[in-house]
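# Overview (structure and organization)
As a plain string of letters, each chain reads:
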Amino acid sequence: MKSDHHVILRVIGKCFIPLIVIYGFYVQFHGEVGPGGAFQAGVVLAVAIILNSLTFGLTATMRAVPPVFARSLAAVGVLIYVGVGFWSMMQGGLFLEYQALFGEPPGGHDGQHAGIIIVELGVLFAVTGAMITIFYALAGRVAEIRDEDW
Amino acid sequence: MVEFVLERAGYWAIIGLMMIGLYIAFSAENLIKRLVGLSIFQTTICLFYVSLGKVNGGTAPILLPEDTPKHYHPIHEGAPGPDSLLAAGGERFADLHHVYSNPLPHVLMLTAIVVGVATLSLGLALIVRIREAYGTIEADEVREIDIQTALAQELEEAKDIKEASA
Amino acid sequence: MILESVLSSAPAWALAHAPVLLVVVPMFIAPILAMLPNGRAAWLISIVATAAAFYFAIVTLGLVQSSPTGVLSYEAGRWPPPIGIEFRTDALNAMILLLVTGIGFLAAVFSWPTLSSELGNHNKLGMFYAAFLLCLSGLLGVASTGDAFNLFVFLEISSLATYVMVAMGAKRDRRALPAAFNYLIMGTLGASFFIIGIGFLYAATGTLNMADISDRLPALTDSRAVQVGFAFIIVGLGLKAAMWPLHQWLPNAYSYSPSFVTVFLSATATKVALYALIRFLFTVFQPEYTFEMASFSWVLAPLGIAAMVICSFQAVFQTDVRRTLAYSSVAQVGYMLLGVSLATAPGVAAGLLHLFNHALMKGALFMAVAGIVMTHQGTTIRDFAGLGRTAPWTMTAFAIAGLSLIGVPLTAGFMSKLQLGAALFAEGWWWAVLLVVFSSFLAVFYIGRILQAAFFQPPVNPRKTHKEAPLLILVPLWILALANIYFGIAADFPLGLARDGAVAALGLEAFR
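Let me begin by describing the structure that accompanies this report.

### A closer look at the overall build of chain B
A count of helices and strands for chain B gives seven helices and zero strands. For chain B, buried positions account for 16% of its 166 residues. Contacts in chain B between residues at least 24 apart in sequence constitute 66% of all its contacts with a sequence separation of at least 6.

### Some points on the interface of chain B and chain C
Opposite the 27 residues of chain B that make contact, chain C presents 28 residues. At the level of elements, helix H3 (31-53), helix H6 (104-134) and helix H7 (139-165) of chain B are the ones that each hand at least two residues to the side of chain B that touches chain C. Looking at the side of chain B that touches chain C, the element that brings in the most residues is H6 of chain B, giving 12 residues. Split into classes, the residues belonging to the side of chain B that touches chain C amount to 20 nonpolar, four polar and three charged.

### Topic: the environment of Ile-24 of chain B
Summarising the element assignment, Ile-24 of chain B is placed in helix H2 (residues 9-27). Dropping the residues within four chain positions of it, Ile-24 of chain B is found in contact with Lys-33, Arg-34, Val-36, Gly-37 and Ile-40 of chain B.

### Quick word on the pairing of strand E2 (residues 86-89) of chain C
Residue and element names in this part refer to chain C. Both faces of E2 are covered, namely the face carrying Glu-86 and Arg-88 and the face carrying Phe-87 and Thr-89. Bridging between strand E1 (residues 72-75) and E2 involves four bridges; their strand directions are antiparallel. Looking at E2, one finds that Leu-72 is bridged to Thr-89.

### Regarding helix H18 (residues 430-456) of chain C
Residues and elements named next belong to chain C. Here H18 spans 37 Å end to end across 27 residues, near enough to the 39 Å set by a 1.5 Å rise per residue. The sharpest bend along H18 reaches about 30° and sits at Gly-448. Turning to H18, its buried residues are Ala-432, Val-436, Ser-439, Ser-440, Leu-442, Ala-443, Tyr-446, Ile-447, Ile-450, Ala-453 and Ala-454.

### Points about the interface of chain A and chain C
When the parts of a complex come together, some accessible area is lost, and that lost area is often taken as the interface size. Listed per partner, the contact involves 14 residues of chain A and 13 residues of chain C. Of the residues belonging to the side of chain A that touches chain C, the class tally is eight nonpolar, four polar and two charged.

### Remarks on helix H20 (residues 492-506) of chain C
Note: α-helices contain 3.6 residues per turn, so residues at a spacing of three or four share the same orientation. All names here are of chain C. Between its first and last C-alpha atoms H20 spans 21 Å; for 15 residues at 1.5 Å apiece the expected length is 21 Å, and the two agree. The element H20 is extensively covered by neighbouring structure, given that 11 of its 15 residues are classed as buried. Of all the residues in H20, the buried ones are Pro-494, Leu-497, Ala-498, Arg-499, Asp-500, Gly-501, Ala-502, Val-503, Ala-504, Ala-505 and Leu-506. At the exit of H20 stands Gly-507, carrying a positive phi of roughly 70°.

### What to know about the packing of helix H13 (residues 321-341) of chain C against helix H14 (residues 345-376) of chain C
Residue and element names in this part refer to chain C. At their nearest, the axes of H13 and H14 sit 8 Å apart, and the two run at 170° to each other. Considering their axes alone, H13 and H14 lie roughly antiparallel with respect to each other. Along the contact surface, H13 presents Val-321, Arg-322, Leu-325, Ser-329, Gln-332, Tyr-335, Met-336, Gly-339 and Val-340, while H14 presents Gly-347, Val-348, Ala-350, Gly-351, His-354, Leu-355, His-358, Lys-362, Leu-365, Phe-366 and Val-369.

Conventions adopted
- Residues numbered from 1 in each chain as written.
- Chains lettered and ligands numbered in written order.
- Predicted model: local features only at pLDDT ≥ 70, side-chain atom pairs only at ≥ 80, totals over all residues.
- Helix = DSSP H or I, 4+ residues; strand = E, 2+ residues; numbered from the N terminus.
- Buried ≥ 20, exposed ≤ 12 C-beta atoms within 10 Å, placed from the backbone.
- Contact = placed C-beta atoms within 7 Å.
- Nonpolar A, V, L, I, M, F, W, Y, C, P; charged D, E, K, R; others polar.
- Pairing = 2+ DSSP bridges.
- Expected span 1.5 Å × (residues − 1).
- Bend = angle between axes of the 7 residues up to and from the residue.
- Axes fitted to C-alpha atoms, helices over the stretch in contact; angles between N-to-C directions.
- Parallel < 35°, antiparallel > 145°, perpendicular 65-115°, else oblique.

Note that all results are geometric; they support no functional claim without further evidence.
Here it is, written out as structure tokens:
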């Protein structure tokens, strides 16, 4: 691999991407007891993918995480969120009433607990998928750059 | 007079930034600069809301251990549900050990930021398409090209009609 | 009687959740459509989704009319209103919801032939239908939420989807791209102004629930923060509602977007923004406040009149049919604003009735134009020459809706202008009545030019063949055209809706 000028960049990137992903999940699940949450976690996860495409090239990344997958991830996230709302309705509660998810008596907290975690998971999917899709959409366009544009 | 200005320094800064953003969004011919202006404007709104939520001497609105009620154990059976917590809300806030800033504006701005990101990326995507269709991202050049093509079409149509009638 | 039979046959879950289901069902279907690889399947599913929303809107209307207080409150997540988000429906929202879902359903039925001919690439149409349903769900959310900040979020959901749909017109005409970009800048500024205004109100009252704000405002009418907030909200929503002179985004966005998008937007988007304006003018702020009365007589009424006259003039001088109709839309917003600016129950009712009727006429007009674009590939008035002979069904429906736009007796447009005139006379604004009549004369010119070209000129281009729009366009088109005539003769239904809406907006009991 004598021709690879980016060897340092790539090695460092390889080390960092898993860390970023772990940090993303930490932010996601720590959001339950402290600052954090799915919006931030989703962006951090998407950053891992974007860093990958910056160091290893867009085509390689698109092979690993296909645009269709990213788009579907965003759609599935929204489906999960609204689906929790429908689930609580089917259990006889109001829209997004977590308390009703398992049909608990008023003292129970399992519904509140599960509800917010599932909803946050939906938001995580939606934000990650949307950020990756936005990046692909903007980076995937090959435009010729003329001299006078510089 | 000086006091009047200094007391509201935050608001002056917000208004100044807001006007800068608005001015860029209206006056710039470069489409990307326009988006930048719009982003400044939206960010200023976030500043405005967050400054509304600031309570004098208040810390970040994260419940510190001293202030969590002793009987509150999330997993425990029989702990109060959201209704009773809501009903007791007023009294619980009264005996907090710390002063907290108002968290609601922060939460609202989280949503507004997401909206802003969506707007920004959609705007950038449109600019990419405009660049592909027109070969420029200057609003005045785009307008010029539009006028030229419209005039050319007009001429062609007039020729068509003349041929058809001849 | 139809309402009662729908109510009695509705299942219990629909009765309990209708106000939120009509927002959430399109929102749930939209991501499914985004993943569908087949455009035709997406079309069929979107018809089902809009039909479901229409059904829930009818149920909601029935529930509102049969409820003793006239207000339907749905607590999302069972968090009680001042703190939690509330879906609050009264007679005013119910009317808007019915209108938007009805037009949405007809537009969804009619969409396939025109979209597939203008956009091509059938497999990607699923994404387009996803944007359409998101836009619909956002508009319905604006019309049904009772929380001021939630209204902003729904407004942005619908607007972002709208920008995408307008930009899709680039397949036919690249000018759609700058049009969509300008719309994005203006629309975002409008929404930002609105949210600044909400910030001021929140600073003054400490609450975001619209009913709660309204309860706390009377003690604060002298607060400058409230007055500044009022100004920001009016400007922001005015931008979204294309209030003159904040309408600059509208003509381009309407004339270069895909025909289907123009049909849907012209009949719903500005209407919903106008609803939000009415809601803030009359429910959140009370018309008794002096600063608000001043804004009615010195800002809204002159702007409405200026829109009516100036934009009608501009419409006369356009050569493109869709541009003519777009300028006419701004002028019609002027009529509605004029009615609203009276701040009396008949005035607001007249404005709401015109809002309802205008959706019917503009929907029909733009549907007819969509049919013409599909079969004859042209939208200039010259292209319309002789179309009365080559496409008689399409152009007859166009003519009916056009006459309704002018305000010819026996059409819906006549009824709303009659109501508006009566309301203006009752206040002694006879000069405004004269201006309404004058603006209607201008409408005779700009609609007359198109009809004259279509029915009394020979086809300019002999290559163009005898061709009628497909049945999928003709059926919704004629439903709207016949509705224009039906509601012009038997106006009880929309008039009742508008009066109930005005009563709900103004909080009156006496006027029925």
